[in-house]
Amino acid sequence: MSDVEEQMLATRLSRRLRELLSSEGAGLAYLPEGVDVEIATVYAAAALRVVEEWLRWEAICKDRVVRASSDYCEEVARSVMHGDNGQGVVSFFNSELKKILVRIVRDFAPFTELPPWVIFYSTFRLRDPVTVHIARLGPGEQILRVPAFAALVAVLDSATRGLLEHYRESGAEIAAVTAEYIYWELIRPLSLFADVLERHLDAVSKAAELREELREAARSSGRTGPLGKQLARLYNIYAAAIVDIMKKRSLSKTGGK
C-alpha cells in the first residue's frame, strides 16, 4: 500500500469512527456484552503461527542462518505438495496467511473501509467478498467490533514488526525481506485501524506501551508466544476509552443531565 493509499484509508476510517462514536443508534448498551477475546486470540495465534513458520523456513532453507534437522526443508516441501500439488512453499504460506487475515476481517472488522488487497483477494480468489458480510452490520454490532478488531490487529502489528526486526538483526536477509512484505503489504494496512482509533481516544499511551512490549518480545526471541493476556488488555483499554468518550458525548447532548 502506498503512502497516498494509506492516508486515504486512514481518512475514511477516521470519518467512520467519528460518525459511529457520536451516533445515538450505536448506544452504550452493546459494549458491556463484549466479544469473546479467547476467539480473537485463536485467530491471532493462527495468523502468527503461519508468519513464524514461513520466516523460519526462509531463514533455514534460504538464508541458512538457522539450524534445523537435515531433512527439514524437504519435509516442508513434501507437506506442501501433499496438500496442493504444484504449489510452492512460498505460495502456500502466502495463501494460508491471506486466508486467515481475510477471515479475521470478515469476523471482526466493523467497517467496509478495507485495504485493497483484502477486497481483491476475498472477491476474486476466495469468491466470498468480505464487504458483503460487513455491510450487513448495524451500528450496535459495529461498535461491538471496534475494540476487538483494534486489539487483534494491534497484536498482529507489534508481533510481526518484532519478527521483522529479529530476522533483520540476525542477518537472515531473505527472511527479513519476506517479513517486510508480510508487515508492510498485509498486516500494516489492517493495523492502521488501531492507530486511527487511538487518535480518537484518550488511552493512547497505555496501548502504545503494551504494543511496544509485544514488539520487543518478538524482536528479542524471534517468537511470539501466548498473546491472550495482551490482547485482552488491549481490548479492555480500547473498550473502556470508547465507553468514556461516548458517555461524554451523550452528556453533552443532554446538557449534562
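What comes next concerns the included structure. (Residues numbered from 1 in each chain as written. Predicted model: local features only at pLDDT ≥ 70, side-chain atom pairs only at ≥ 80, totals over all residues. Heavy atoms only, no water.)

The subject of this paragraph is the packing of aromatic side chains. If you walk through the whole model with that rule in mind, you get eight aromatic pairs. For the pair Y43 and F108, a centre-to-centre distance of 5.1 Å together with 80° between the ring planes defines the contact as edge-to-face. With Y43 in helix α2 (residues 37-63) and F108 in helix α4 (residues 89-108), the pair connects residues that are 65 residues apart, well separated along the chain. With respect to burial, Y43 and F108 carry one shared label: buried. Considering the side-chain rings of Y183 and W184, the 4.9 Å spacing of their centres and the 85° angle between planes classify their relative orientation as edge-to-face. One aromatic cluster is present, formed by W54, F92, F93 and Y181 through successive ring pairs. Here the basic side chain of R56 rests over the ring of Y72, its NZ or CZ set 5.1 Å away from the ring centre. (Phe/Tyr/Trp six-rings, centres within 6.5 Å; stacked < 30°, edge-to-face > 60°. Helix = DSSP H or I, 4+ residues; strand = E, 2+ residues; numbered from the N terminus. Buried < 20%, exposed > 50% of the residue type's maximum accessible area, 1.4 Å probe, protein only. Lys NZ or Arg CZ within 6 Å of the ring centre and 35° of its normal.)

A few words on the side chain of E165. Along the chain, E165 falls in helix α7 (residues 139-169). Non-local contacts of E165, meaning those with residues more than four positions away in its chain, are made with R215 and R219. (Contact = heavy atoms within 4.5 Å.)

The next thing to look at is the pattern of salt bridges. Tallied over the entire structure, the rule returns 20 salt bridges. In this structure, R188 and D195 form a salt bridge, with 2.5 Å as the shortest nitrogen-oxygen distance. Relative accessible area serves as the criterion here: at 13%, R188 is assigned to the buried category. Relative accessible area serves as the criterion here: at 17%, D195 is assigned to the buried category. Salt bridges sharing common partners tie together E6, D157, R161, R188, D195, E198 and R211. (Salt bridge = Lys/Arg side-chain N within 4 Å of Asp/Glu carboxyl O.)

Moving on: unusual backbone geometry. Positive phi is not limited to glycine here, since R64 has a value of about 60°. The topology assignment puts R64 in the loop between α2 and α3 (72-83). Residue class for R64 comes out exposed when judged on its relative accessible area of 64%. Phi is positive for R127, which is not a glycine, with a value near 60°.

Bringing helix α1 (residues 3-21) into the picture now. Taking 1.5 Å per residue as the helical rise, α1 with its 19 residues ought to reach 27 Å, and the 26 Å between its terminal C-alpha atoms agrees with that figure. All of the buried residues in α1 are L9, A10, L13, S14, R16, L17, L20 and L21. (Expected span 1.5 Å × (residues − 1).)

This part covers the packing of α7 against helix α9 (residues 204-221). Contact geometry for α7 and α9: axes closest at 7 Å, N-to-C directions at 30°. Note that α7 runs across α9; the crossing there is right-handed. On α9, the residues touching A154, V155, D157, S158, A159, R161, G162, L163, E165, H166 and E169 of α7 are R211, L214, R215, A218, R219, S220 and S221. (Axes fitted to C-alpha atoms, helices over the stretch in contact; angles between N-to-C directions. Left-handed = near helix turned anticlockwise from the far one by under 90°.)

Okay, the state of the cysteines next. The final tally for this structure, using the stated rule, is one disulfide. With a sulfur-sulfur separation of 2.0 Å, C61 is cross-linked through a disulfide to C73. Where C61 bonds to C73 through sulfur, the torsion about that S-S bond is close to -105°, and the disulfide is left-handed. Here C73 lies in helix α3 and C61 lies in helix α2, a separation of 12 residues in the sequence. Given a relative accessible area of 26%, C73 falls into the partly exposed group. (Disulfide = S-S within 2.5 Å.)

The next subject is α7. The end-to-end C-alpha distance of α7 is 45 Å, a good match for the 45 Å that 31 residues give at a rise of 1.5 Å each. Considering bend angle alone, the principal kink of α7 is centred on R145 and spans about 30°; proline P147 follows within four residues of it. Among the 31 residues of α7, 26 are classified as buried, and the element is accordingly described as predominantly covered. Where α7 ends, the next residue or the one after it, G171, has phi of about 80°, a positive value. (Bend = angle between axes of the 7 residues up to and from the residue.)

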